[in-house]
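For reference, the chains in residue letters:
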Amino acid sequence: MAKESEMKENTTVIGAGIVGASIAYHLAKRGADVTIIDRTGIAAGATGKSFAWINAHHTENEAYHRLRYQSIAEFHRLDRELEGGLGLSWCGALSFDVLGEAFDRRAERFRALGYPADVISHNRFNELEPRYGHPPGRALHLSLEAAVNPAHASEALIEGAVRNGARTMFGAEIMAVLKDGGRVTGVETSYGSLATSQVVVAAGTGAEAILESVDVSLPMANRPGVMLHSRPVPKVLNHLIWGDRIHLKQQPDGRLVIGEIFSDGRNDLDPGMIAEQMLVDARRHLPDVDVQIDRTTIGLRPIPKDGMPVIGTVSSVPGLYVAVMHSGVTLAPIVGRMAADELLDDITFPTLNPYRPERFSRKA
């Protein structure tokens with residue numbers, strides 16, 4: 001009979017977005033027997049439709065801010081490990097999505113947390129972004145933050161996992177997680193059943209239905225987001241811009257990525273009208289740039305009901321681990337490493353305790 005530690009090494013990761021890709025990579029790197037399953041393919045869900053801003057901008061919850069801050073450092077480590085394969089742009093961010101007293105409170109909060117965030121003037125903004133029209137009176141310069149193409153980063157992580165022996169199964173729908181005697185024994189897919197001793201559910205918006213198959217509740221409050229991707233243009237932006245109505249960044253291939261803030265994720269607004277307004281705003285802020293849209297994406301952000309990540313084992317179903325969150329792009333490196341260590345070493349990181357799945361069952 002296999003030892004418990006050996007059984008734990010046989011792991012199925014459901015979801016090939018950036019969170020699942022990072023967990024699979026860290027597991028495979030440590031020698032685990034890993035199978036990655038996704039019904040569509042790499043970064044085909046929320047990851048591929050994410051604005052992909054690597055940041056620790058969330059200041060209201062100090063523990064959550066510090067987790068994100070720690071993950072920025074993990075991105076540096078992980079990118080070195082993959083020899084620059086993640087395609088990160090450490091461009092920094094200029095933020096002015098809140099104004100007046102709210103801006104002052106945020107700047108003070110960053111100072112209290114020890115997070116690098118310099119208040120810059122209108123003139124300094126012009127110096128940093130000379131081609132940006134209508135710059136704000138003040139902005140925060142967040143020098144540690146970065147942008148990334150999330151699909152490219154996910155592909156690099158999956159490729160790294162495969163180099164370390166992981167297998168992929170794309171196009172397979174997960175019908176149910178299987179268990180016997182209360183413990184995970186496998187997964188039922190549209191291709192048939194697959195035996196496994198551990199299952200990691202990192203399926204974003206699809207996680208809720210998968211977990212229902214083993215009577216585990218994961219209440220979600222998913223929100224839509226519209227993103228515009230331009231045709232390539234010459235270099236125009238030096239930083240990621242987080243404005244009061246839209247956010248902007250420029251990819252290495254010259255494409256502008258434009259995301260919206262003004263709809264606040266409401267489900268009752270017409271995505272077409274939102275996209276039109278976004279284009280108007282983008283052209284207003286980049287008046288000397290011929291912004292032509294190549295494609296529009298509408299994604300559903302996977303947001304647990306209380307807004308915080310869900311990370312960890314499910315005590316009622318041994319062998320089941322959950323990793324579902326908004327800001328998955330920012331958190332992927334730290335969650336990937338810690339989840340792999342928890343799964344393989346039978347340890348728990350106190351840093352992740354606020355995000356355990358059991359908090360929902362306790363509330364119920």
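Not measured: the values here are computed from a predicted model.

Draft legend 1. Examining the environment of Pro302 more closely. For Pro302, the location among the structural elements is in the loop between β17 (293-301) and β18 (310-313). Taking the relative accessible area as the measure of exposure, Pro302 reaches 8% and is therefore buried. With near-sequence residues (within four places) excluded, Pro302 lies in contact with Ala46, Gly204, Thr205, Met220, Asn222, Val324, Met325 and His326.

Draft legend 2. Highlighting the pattern of salt bridges. Within this structure, the stated rule accounts for 22 salt bridges. Between Arg77 and Glu74 there is a salt bridge whose closest N-O contact spans 2.8 Å. One end of the pair, Arg77, and the other, Glu74, are both in helix α3 (residues 62-81), 3 residues apart, so they sit about a helical turn from each other. Judged by relative accessible area, Glu74 falls into the buried class, the value being 10%. Across the salt bridge formed by Arg111 and Glu108, the nearest N and O atoms sit 3.1 Å from each other. Highlighted residues: Arg111 and Glu108, both in helix α4 (residues 100-113), separated by 3 residues, approximately one helical turn. Judged by its relative accessible area of 42%, Glu108 is partly exposed. Each member of the salt-bridge network shares a partner with another, and the members are Lys29, Arg30, Glu74, Arg77, Glu81, Arg337, Asp341 and Asp345.

Draft legend 3. View of the pairing of strand β16 (residues 256-260). The element β16 is largely enclosed, with a buried count of 5 among its 5 residues. The alternating pattern of β16 places Leu256, Ile258 and Glu260 on one face and Val257 and Gly259 on the opposite face, and all of these are buried. In this structure, strand β13 (residues 223-230) lies alongside β16, joined through 3 bridges in antiparallel fashion. Note that in β16 the partner of Met227 across the bridge is Gly259. Between strand β15 (residues 246-250) and β16, which pair antiparallel in sequence order, lie 5 residues; one of them, Gly254, sits at a positive phi of approximately 95°.

About the thresholds
Residues numbered from 1 in each chain as written. Predicted model: local features only at pLDDT ≥ 70, side-chain atom pairs only at ≥ 80, totals over all residues. Heavy atoms only, no water. Helix = DSSP H or I, 4+ residues; strand = E, 2+ residues; numbered from the N terminus. Buried < 20%, exposed > 50% of the residue type's maximum accessible area, 1.4 Å probe, protein only. Contact = heavy atoms within 4.5 Å. Salt bridge = Lys/Arg side-chain N within 4 Å of Asp/Glu carboxyl O. Pairing = 2+ DSSP bridges.

Purely geometric stuff here, so don't read any function into it on its own.
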